[in-house]
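Residue-level listing of the chains:
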Amino acid sequence: MAAIKSYEGRVGRRYPEFGVFVTSPNMDTMTDLHLGNQNIRMRKEYHFGEHDPCFTPQPFNSRTPHLTCLQFPQSLNVGFSEFMWFLPRPDDFTLIDSNVSSVRLGTIRQDLRNVLSDQFHKIKKHVSAVLNSSAEGTDAYKRIKGDTKLWDYRARIQYLLGRMSAPSTYEEAAMTWRLTQRLCLEFDARLTWISRIQDAFYAPDARQVPLQPVVGAITDRLDVALNCYRAGIPVWVFRPLGAETGLRVDKWLDDIPSTSREFGCHVCFDDESPPCPTIFSGKIADLERYRAMAQYGWKRAFPSTIFGTDDSATSVQYDVPAASQSSRQPELPPSNPPSQAAESSSSRLSVNRQSASQAAESSSSRLPVNRQSASGPPRPSSQSSVRSAPYVKPTRGKKQSQDRNKFVDIVSPVMPEALRIWAQASAVIGASFNQSQKSRPGVSRGYILPDPVLLANHSNENSRQAYFTTYLKLRLVLLYRIRTLGVTRCLLQSPEWRQVLGLELHGSRDDTKAAESRRQIQANIQDSLDSAGSLGINLDNLENIAPAWNNVIYESRQIPQDVCREILWEIYTISFRFELLVLDGYLYELKPDGFDEVEVEEGMTPQFNELDASTRESRFIKVVAFMPGFAKERLLVADLEDKDAGLGSRDVEARQKAIFALYRIMCGWTRMPPMASSTHSRMKRLAPPNIPSLVELNEAEYAIAWHYIITYADFLDAPLRDGTILAQIRPASAYLVCVLQDTGNTTFFSEADDVDPLNEVD
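Explain the environment of Met 415 here, please?
Residue position: Met 415 is located in the loop between α8 (353–361) and α9 (420–430). Its relative accessible area of 2% is what places Met 415 among the buried residues.

Can you walk me through helix α12 (residues 494–501) in this structure?
Side chains three or four residues apart in an α-helix point the same way, a direct result of the helix having 3.6 residues per turn. Within the sequence span of α12, burial applies to Ser 494, Trp 497, Val 500 and Leu 501. Seen from one end, α12 has its buried residues packed into an arc of 115 degrees, which puts them on one side.

When you look at the sheet that holds strand β2 (residues 20–24) in this model, what are you seeing that I'm missing?
In any sheet, the strands associate via hydrogen bonds between backbone groups, in a parallel or an antiparallel arrangement. Strand order across the open sheet formed by 5 strands is β1-β2-β8-β7-β4, with mixed pairing between neighbours. In this open sheet, the two strands that pair with only one neighbour each are β1 (11–15) and β4 (58–59). Across 4 bridges, the pairing between β2 and strand β8 (residues 235–240) is antiparallel. Bridged to Val 22 within β8 is Phe 238. Relative to β8, helix α5 (residues 222–231) is tilted by about 160 degrees, and along the sheet it contacts β7 (217–219) and β8.

What exactly am I supposed to notice about the confidence of the model for the chain here?
Low pLDDT marks stretches whose predicted atomic positions should not be read closely. Per-residue confidence for the chain gives a mean pLDDT of 74, with 70% of residues at or over 70. With pLDDT under 50 throughout, residues 321–325 is counted as low confidence; its partners more than four residues away or in other chains account for 6 contacts. Confidence drops under pLDDT 50 across residues 333–402; counting only partners more than four residues distant or on other chains, this segment forms 137 contacts.

What is the right way to read the pattern of salt bridges from this model?
It is possible for side chains of opposite charge to pair when their charged atoms get near one another. What the rule picks out here adds up to 27 salt bridges. One salt bridge in this structure joins Asp 271 and Arg 41, with 2.7 Å as the shortest N-O distance. Of the two residues, Asp 271 is situated in the loop between β8 and β9 (278–282) and Arg 41 in strand β3 (residues 38–41); the sequence distance between them amounts to 230 residues. Residue Asp 199 is joined to Arg 143 by a salt bridge in which the shortest nitrogen-to-oxygen separation is 3.3 Å. Highlighted residues: Asp 199 in helix α4 (residues 170–202) and Arg 143 in helix α2 (residues 139–145), separated in sequence by 56 residues. Given a relative accessible area of 21%, Arg 143 falls into the partly exposed group. A network of salt bridges, in which partner residues are shared, links Arg 41, Arg 43, Glu 50 and Asp 271.

About the criteria used
Residues numbered from 1 in each chain as written. Predicted model: local features only at pLDDT ≥ 70, side-chain atom pairs only at ≥ 80, totals over all residues. Heavy atoms only, no water. Helix = DSSP H or I, 4+ residues; strand = E, 2+ residues; numbered from the N terminus. Buried < 20%, exposed > 50% of the residue type's maximum accessible area, 1.4 Å probe, protein only. Arc of directions from axis to C-beta. Pairing = 2+ DSSP bridges. Contact = heavy atoms within 4.5 Å. Axes fitted to C-alpha atoms, helices over the stretch in contact; angles between N-to-C directions. pLDDT = per-residue confidence, 0-100. Salt bridge = Lys/Arg side-chain N within 4 Å of Asp/Glu carboxyl O.

See below:
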């Protein structure tokens, strides 16, 4: 018998109610076309049932061709394990005692998360293998390196894997698991399409590709059917009834009730009880259904994003004075004497506190930041090694004569050490920053976590211990609060955080007046922490809870100094992550929809890169995945076991990658005065595969640190006493290093990731 043609059928079925018939030239089973209007909703096991692209053939669309190449859950020996379709049950969910919340928080078992992570790393290795096997400059190489969707998938998966390590409810964890599985399947499908299928699909003289174990395509176009048939994609073609006359169809399945493909694993299409809401009604060929499914799943996994909606940043005024449109160029740091070269190699020397203090106080009047300076502010002296005097706590009832300079450290035995270069840049900017300038309208104010100074700056050790003890008791629910409510709904002012941390200092007398006052304070705090009532916070039993850190319970309520430093380091680390993301949200201008689908003429440079995005959420995800240490440290968890990487790394290459990644992110900030050309020149020396000298690395780091800090201060125009999103006006990035004084060892806790998102070998 002659070979079957793409327009003929091994099987066929007529649908009189829709006036069409369907054939497949390369499949022995039939599929439901889902003709007419379809109502799509989420099902019991966190997928979309028969409408889910992970289970059923998809209408072929040139904008989403890779969705026809999703692995079908049939043959589990083709590269994926059953974990790509497996859903952890409630007994696979490890509960964590949140102490003060009735919400049952926990994480999916670590061993299951490890298997899912391994699947992701297999795809990344496949990307690297394809790149390594393709000569640079070839079409295949260019397609992979230039495909923004591949980068977007990778960024989102990294983010999701990290978020699965943070405490959540079972529903949120299960939805995050499903999202990760789906994106891994789509990531693999995108790579399969680009590297193996695309050429055969579009080349008329291409060799026939063996049938692929993928979900396949449905189409009413014979040219698409021919291309799918040639490329090895299962395809089902529907045409008007009557056209089947004289057409070769080996077997009609009109009278056979069920001939669908069999799944190789358990898949349940049952509805939840009660059923979930309909998220899309319309034809399945409408690409909006993909958007609706993605948005609904993401919203269930993460009830809040960093801003909430993309429109929330639009009310901020970006009226930068015309005089500040010129680029800003910081003065170069002085060269280090040879004797200091070894210490300077990692940019982790302790802050010269007296020098920083002198620089910060060198101006008798607080002048505004010199936004149009050609040379930038002067560098502080680096000769003295004496610490400046600590900030003195004001006496009760008396107004402080001058606000604390938050660009300079306080002195406390529990404060983590700062990065030297960042601390110097901070002190220089703080010397002329006007602390009395007005706030920029629309910019959110407050602290997502308490200012570490509130915890560290106590002359009374009992008070300090009480603050740390209370924080540890509330820590888990405070982190979950950020995850659930979003940053802007979690901001509290310093007086509010002071009341929260001082809960156990409000006395314990039982007389009516004192007890009533204490109950009122507690009620106010409880309402501040859980204004929506969704976290189930109850502080009634707070005094009976023992504080814990890293699985160590401190029954005595005495927290060792090295542990206090670790706690503050975590607060600074989390604060910097959100500080950068919030600032990016204000200063990055979103691209129009479809910006990355515009064809670029040969020889022309695309006007976008892998960090560009058309939605705030997408940009947020890309920045998290791009900046070393953000995704792998799970954003809301600062892992104390991740050492020696990122901005505070001893390894020059890792430090170089972190600095360059921050620079790449900041290059997208168009709502601010631009960086000086000299800064761009210094940063280009850090671009891979360049190997800069130590002097060049330090100069580049100072330039980017200076620009980051002055941009932050300049944009916020914040009177410091009102607080900001960050733990201090001085960027928390200066504290990515924590010196454990009790042991004399310097421990580094951030984990680096490659700046180049696709060209890596694990």
